[in-house]
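Spelled out, the chains give:
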Amino acid sequence: MELTAECGEGSDELLQSQTLLWSRIFSYIDSMALKCAVELGIPNAIHSHGPHITLAELMSSLSLSPTKTPHMRRLMRMLTHSRIFACSGEEVYSLTPLSELLVERDNKNRGTSCLNGYVLTVLHPVVVNSFQSMSDWFRGNEDTPFSVAHGCGLWDMTDRDPEFNRVFNEGMASDAQNIESLMDVGGGTGSVAIAISKAFPEVKCSVLELQQVVDTIHNKGEIDFISGDMFEYIPPANAILLKVIH
Ligand SMILES: C[S@@+](CC[C@H](N)C(=O)[O-])C[C@H]1O[C@@H](n2cnc3c(N)ncnc32)[C@H](O)[C@@H]1O
């Protein structure tokens, strides 16, 4: 497509296409800005100072050199644009519902959990670098882009690299705190699902069982019993439990 200075419908469309393409090209910087905010502890700093913090106060609470202030201004402008933070008045920042999820609280975030570990895992160089190999993976015979990039699988990498292992496990744990639903596959009469539901009432527990088992259950309580064959279909849930007898 050739760049044109002509007016009219065609040039509007071209401009829109260019804008969208530019946005797609640079969108990874949004993710990196988010990672930077988590690494610097900006959500925690705003929360501790809260509800608002000025740019100068933010620099001081993060113990950053004032020479970096213009760069922090740009970072905060980007993060405000992507709704991680809100900006009220001149360079006064506050948390948004998104960054509330990035504050480390002792009381487990009033029912939600902190997703910092998840951010740092998904945006870890080991994970991000594997996406650089997508086209090579399509052309070759390796199992995953990850193995093209690193010459090994994910679990070999967690075995090989203790630091990545730590970040990965913390990331999974931080996401696991957000489980809202659990499916006990072949869960029998639901004794395990009932126990989990009592201990964690915020988790919606269900049991997938064969029709002949579900038909025998009369008092279903808080648990959903779904009849079906696990080899054909497992209803969606955040977590799946497969407990076997031993
Ligand atoms: C060994 S019992 C375990 C029950 C329960 N999970 C527990 O640990 O107490 C296995 C259960 O899987 C169920 N089951 C077997 N094949 C199934 C299938 N294809 N789809 C769903 N459930 C199945 C059986 O009806 C049985 O209740």
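Residues numbered from 1 in each chain as written. Predicted model: local features only at pLDDT ≥ 70, side-chain atom pairs only at ≥ 80, totals over all residues. Heavy atoms only, no water.

Per an unreviewed UniProt entry, the recorded name for the chain is 5-pentadecatrienyl resorcinol O-methyltransferase, and the organism is Iris pallida.

## Notes on the packing of aromatic side chains
Cut-off, in case you're wondering: Ring geometry is summarised as follows: Phe, Tyr and Trp rings, the Trp one being its six-membered ring, pair when their centres sit within 6.5 Å, and such pairs are stacked at plane angles under 30 degrees, edge-to-face over 60 and tilted between the two. Helix and strand assignments follow DSSP, with helices taken as H or I runs no shorter than four residues and strands as E runs no shorter than two, numbered in order from the N terminus. Type-normalised accessible area, obtained with a 1.4 Å probe on protein chains alone, sets the label of each residue: buried when under 20%, exposed when over 50%, and partly exposed for intermediate values.
Tallied over the full model, the rule gives three aromatic pairs. Judged by centre distance (5.6 Å) and plane angle (80°), the ring pair of Trp155 and Phe168 falls under edge-to-face. Residue Trp155 is located in helix α11 (residues 154-160), and its partner Phe168 is located in helix α12 (residues 162-176); the two are separated by 13 residues in the primary sequence. Overall, Trp155 belongs to the exposed group, its relative accessible area being 59%. Taking relative accessible area as the criterion, Phe168 reaches 10% and is therefore assigned buried. Seen in terms of ring centroids, Phe164 and Phe168 are 5.9 Å apart; in terms of plane orientation they differ by 50°. Their pairing is tilted. Taken together, the residues Phe164 and Phe168, both in helix α12 and four residues apart, mark about one turn of the helix. The two residues Phe164 and Phe168 agree in class, both being buried.

## Concerning the packing of helix α2 (residues 28-40) against helix α5 (residues 69-81)
Quick note on the threshold: To get an axis, fit a line to the C-alpha atoms, keeping to the stretch in contact for a helix; angles then go from 0 to 180 degrees between the N-to-C directions. Two helices that cross are described as forming a left-handed crossing if the nearer one is turned anticlockwise from the farther one by less than a right angle, and a right-handed crossing if clockwise. Working rule for contacts: check all heavy atoms of both residues, and any pair within 4.5 Å makes them a contact. When residues are grouped by polarity, Ala, Val, Leu, Ile, Met, Phe, Trp, Tyr, Cys and Pro land in nonpolar, Asp, Glu, Lys and Arg in charged, and all others, Gly among them, in polar.
Two elements in contact, α2 and α5, have axes whose closest approach is 10 Å; the angle formed by their N-to-C orientations is 115°. Two packed elements cross with a definite hand, and for α2 against α5 that hand is left-handed. Residues Ile29, Asp30, Ala33, Leu34, Cys36, Ala37 and Leu40 of α2 form the contact with α5, whose own contacting residues are Met72, Leu75, Met78 and Leu79. For the contact of α2 with α5, the residue count by class is ten nonpolar, no polar and one charged.

## With respect to the environment of His150
Counted only if it meets this: Contacts described as polar in this section are N or O atom pairs within 3.5 Å, which, within protein, must combine one atom able to donate a hydrogen with one able to accept it, while residues neighboring in sequence count only if both atoms come from side chains.
Inspection of the secondary structure assignment puts His150 in helix α10 (residues 145-150). Among all residues touching His150, those that are not within four sequence positions of it are Val126, Asn129, Ser130, Met157 and Arg160. Of note is the side chain of His150, whose polar atom sits 2.7 Å from the backbone oxygen of Val126.

## A few points about the UniProt feature "domain: O-methyltransferase dimerisation" (unreviewed entry) in the chain
What counts, and what does not: UniProt positions are given in the numbering used here, feature names are shortened, and annotations may be inferred rather than shown by experiment.
Cross-referencing UniProt, the feature "domain: O-methyltransferase dimerisation" (unreviewed entry) maps to residues 23-104 in the present numbering. Strand forms 11% of residues 23-104 and helix 60%; the C-alpha atoms that close the span are 31 Å apart.

## Focus on the nonpolar core
Stated precisely, the cut-off is as follows: To define a nonpolar core, start from buried Ala, Val, Leu, Ile, Met, Phe, Trp, Tyr and Cys residues and group those joined through side-chain atoms within 4.5 Å.
Ranked by internal contacts, the top residues of the largest apolar core, which has 25 residues, are Ile42, Ile46, Leu58, Met72, Met76, Leu79 and Phe85. Elements with a minimum of two residues in this core: α2, α3 (42-49), α4 (55-61), α5 and β3 (92-95). Filtering out sequence-adjacent residues up to four positions away, Phe85 remains in contact with Ala37, Ile42, Pro43, Ile46, Met76, Leu79, Thr80, Ser94, Leu95, Thr96 and Ser99. With ten residues, the next largest nonpolar core counts Leu182, Val203, Ile217 and Phe225 among its residues.

## Topic: the sheet that holds β3
Counted only if it meets this: Being paired, for any two strands, means DSSP has found at least two bridges between them.
Taking strand neighbours across the sheet as the criterion, the three strands line up as β1-β3-β2 in an open arrangement whose pairing is antiparallel. Two strands bound the open sheet, and with one partner strand each, they are β1 (53-54) and β2 (85-87). As judged from the two bridges shared by β1 and β3, these two strands associate in the antiparallel manner. Bridging from a neighbouring strand, Thr54 pairs with Val92 of β3. Its contacts with the sheet place α3 against β1, β2 and β3, and it is angled at close to 100° to β3. Across the sheet, α5 touches β2 and β3, and the angle it forms with β2 is around 105°.

## Description of the environment of Leu210
Residue placement: Leu210 occurs in the loop between β5 (204-209) and α14 (211-214). According to the relative accessible area criterion, Leu210 is partly exposed, its value standing at 40%. When neighbours within four sequence positions are excluded, Leu210 is seen to be in contact with Gly228 and Asp229.

## Some words on α2
Using the following cut-off: One fewer than the residue count of a helix, multiplied by 1.5 Å, yields its expected span.
Between its first and last C-alpha, α2 extends 18 Å over 13 residues, near the 18 Å set by a 1.5 Å rise per residue. Buried residues of α2: Ala33, Leu34, Lys35, Ala37 and Val38, and no others. Buried-residue contacts for α2 involve α3, α5, β2, α7 (116-122) and α8 (125-130). Gly41 sits one or two positions beyond α2 and adopts a positive phi of about 80°.

## What to know about the site of the ligand
As a reminder, the rule being used: Proximity is defined per residue: any heavy atom of the residue falling within 4 Å of a molecule or strand makes that residue near it. Under the convention used here, a 1.4 Å probe and the Shrake-Rupley method define accessible areas, while residue burial counts only the protein chains that appear.
Near the ligand you find Gly186, Gly187, Gly188, Glu209, Leu210, Val213, Gly228, Asp229, Met230, Phe231, Lys243 and Ile245, and these make up its full shell. Residue Glu209 places a side-chain N or O atom 2.5 Å away from an oxygen atom belonging to the ligand. Here the ligand loses 70% of its free accessible area of 590 Å² to cover by the protein chains. Considered class by class, the residues forming the shell around the ligand number five nonpolar, four polar and three charged.

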